[in-house]
Amino acid sequence: MRAGGGALTATIVSVIGNPRPASRTHALARTLASELAGVLGGGPPLDVDLAALGPAVLDPADDRANAAIDDVLAGDLLVIASPTYKATYSGLLKAFLDRLDTGALAGAAAVPILLGGAPNHQLAIDVHFVPLLLELGAHVPARGLFVLEADVSQFDDTAKQWARAHAHALVDGAALADRATTDEIEGDAQRERQRAHP
Ligand SMILES: Cc1cc2nc3c(=O)[nH]c(=O)nc-3n(C[C@H](O)[C@H](O)[C@H](O)COP(=O)(O)O)c2cc1C
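An account of the accompanying structure is given in this report.

1. Side note on the overall build of the protein
Okay, step 1: Summing up its helical and strand segments, the protein has 5 helices and 7 strands in all.
Okay, step 2: The secondary structure elements of the protein, listed N-terminal to C-terminal, are β-β-β-α-β-α-β-α-β-α-β-α.
Okay, step 3: By the burial criterion, 37% of the 198 residues in the protein qualify as buried.
Okay, step 4: The contacts of the protein with a sequence gap of at least 6 include a subset with a gap of at least 24, amounting to 80%.

Here is the structure:
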């Protein structure tokens, strides 16, 4: 989170976990990220499209996959989108996020988006997706979005309203989490100093 003209500006990064390039899932993530940027200002959102990496997400030596991880770690607001596969997110997204350490996203706020065909799978956001993001340390201050395929054509409006309603909570959440993480690190350093020099 950076100060710009007195206000905080957030780096927005979208992660798209669809194995197919140029997917509707990608379009949803891009639309929401650009609405959030419209409310919050700052630079244009960055896309990390995992379809472009494919099997490289499993290769720890792959430069492009490592650069994609660095991009995600540099984000303040993460829009993380996946098609619903087997009542949860895609294996591609999970394989990519498994490269991150537990707690690696501390200081960032995340928004999960699932695109799916089955209304009875909408709880996958709360039951599967949010716990994954929390395990990675991200702050998830607002309800994620389960988008039915039948509702994709209305998503421009949905994204606009969602961004207006939640953008500031996301930034506040990320800033608070950032401060808490810094306090935690400083607290650990202080305890370490006390242990070394009681
Ligand atoms: C392998 C596979 C599994 C799927 N499983 C589900 C599912 O469990 N629930 C659901 O709502 N939709 C499921 N779908 C439908 C996809 O979620 C839907 O087609 C997808 O979100 C379309 O996104 P796209 O246009 O970005 O590819 C599945 C699709 C595929 C290919």
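2. Brief notes about the pairing of strand S5 (residues 77-83)
Okay, step 1: For S5, the buried fraction is high: 7 of the 7 residues fall into the buried class.
Okay, step 2: Of the two faces of S5, the one holding Leu 77, Val 79, Ala 81 and Pro 83 and the one holding Leu 78, Ile 80 and Ser 82 are both buried throughout.

3. Let's talk about the sheet that holds strand S6 (residues 109-116)
Okay, step 1: Taken in spatial order, the 5 strands of this open sheet run S4-S3-S5-S6-S7, and their pairing is parallel. The sheet terminates laterally at strand S4 (46-49) and strand S7 (145-148), the two strands that pair on one side only. Strand-to-strand twist of the sheet, defined as the mean angle between neighbouring strand axes without regard to direction, takes the value 20 degrees.
Okay, step 2: As paired elements, strand S3 (residues 12-16) and S4 share 4 bridges and run parallel to each other. For Val 15, the partnering residue across the bridge sits in S4 and is Val 48.
Okay, step 3: Helix H2 (residues 63-73) contacts S3, S4 and S5 of the sheet and is inclined by roughly 140 degrees relative to S4.
Okay, step 4: Contacts from helix H4 (residues 124-135) reach S5, S6 and S7 within the one sheet, and its direction differs from that of S6 by about 140 degrees.

4. What about the site of the ligand?
Okay, step 1: Near the ligand you find 16 residues, and of these Ser 23, Thr 25, Pro 83, Gly 116 and Ala 118 are the closest.
Okay, step 2: Where the shell around the ligand is concerned, the elements lending two or more residues are helix H1 (24-40) and S6.

5. Digging into H2
Okay, step 1: What H2 keeps buried is the set Ala 65, Ala 68 and Val 72. With its buried residues spanning 55 degrees around the axis, H2 presents them on a single face. Among the exposed residues of H2, those oriented more than 90 degrees off its buried face are Asp 63, Ala 67 and Asp 70.
Okay, step 2: Residues of H2 that are buried sit in contact with S3, S4 and S5.

6. Quick word on the environment of Ala 65
Okay, step 1: By the secondary structure assignment, Ala 65 is in helix H2.
Okay, step 2: A sequence separation of 12 residues divides Ala 65 from Leu 53, and the C-alpha atoms of the two residues are 6.6 Å apart.
Okay, step 3: Excluding residues within four positions of it along the chain, Ala 65 makes contact with Leu 53, Ala 56, Val 57 and Asp 59.

7. So, H1
Okay, step 1: Compared with the 24 Å implied by 1.5 Å per residue over 17 residues, the 24 Å span of H1 between its first and last C-alpha is a close match.
Okay, step 2: Looking only at H1, the buried set comprises Thr 25, His 26, Leu 28, Ala 29, Thr 31, Leu 32, Ala 33, Glu 35, Leu 36 and Ala 37.

8. Concerning the environment of Thr 102
Okay, step 1: In this structure, Thr 102 sits in the loop between helix H3 (91-97) and S6.
Okay, step 2: For the pair formed by Thr 102 and Leu 136, sequence separation is 34 residues and the distance between their alpha carbons is 4.8 Å.
Okay, step 3: Apart from residues lying up to four places away in sequence, Thr 102 is in contact with Glu 135 and Leu 136.

Criteria and thresholds
Residues numbered from 1 in each chain as written. Predicted model: local features only at pLDDT ≥ 70, side-chain atom pairs only at ≥ 80, totals over all residues. Helix = DSSP H or I, 4+ residues; strand = E, 2+ residues; numbered from the N terminus. Buried ≥ 20, exposed ≤ 12 C-beta atoms within 10 Å, placed from the backbone. Contact = placed C-beta atoms within 7 Å. Pairing = 2+ DSSP bridges. Axes fitted to C-alpha atoms, helices over the stretch in contact; angles between N-to-C directions. Near = placed C-beta within 6 Å. Arc of directions from axis to C-beta. Expected span 1.5 Å × (residues − 1).

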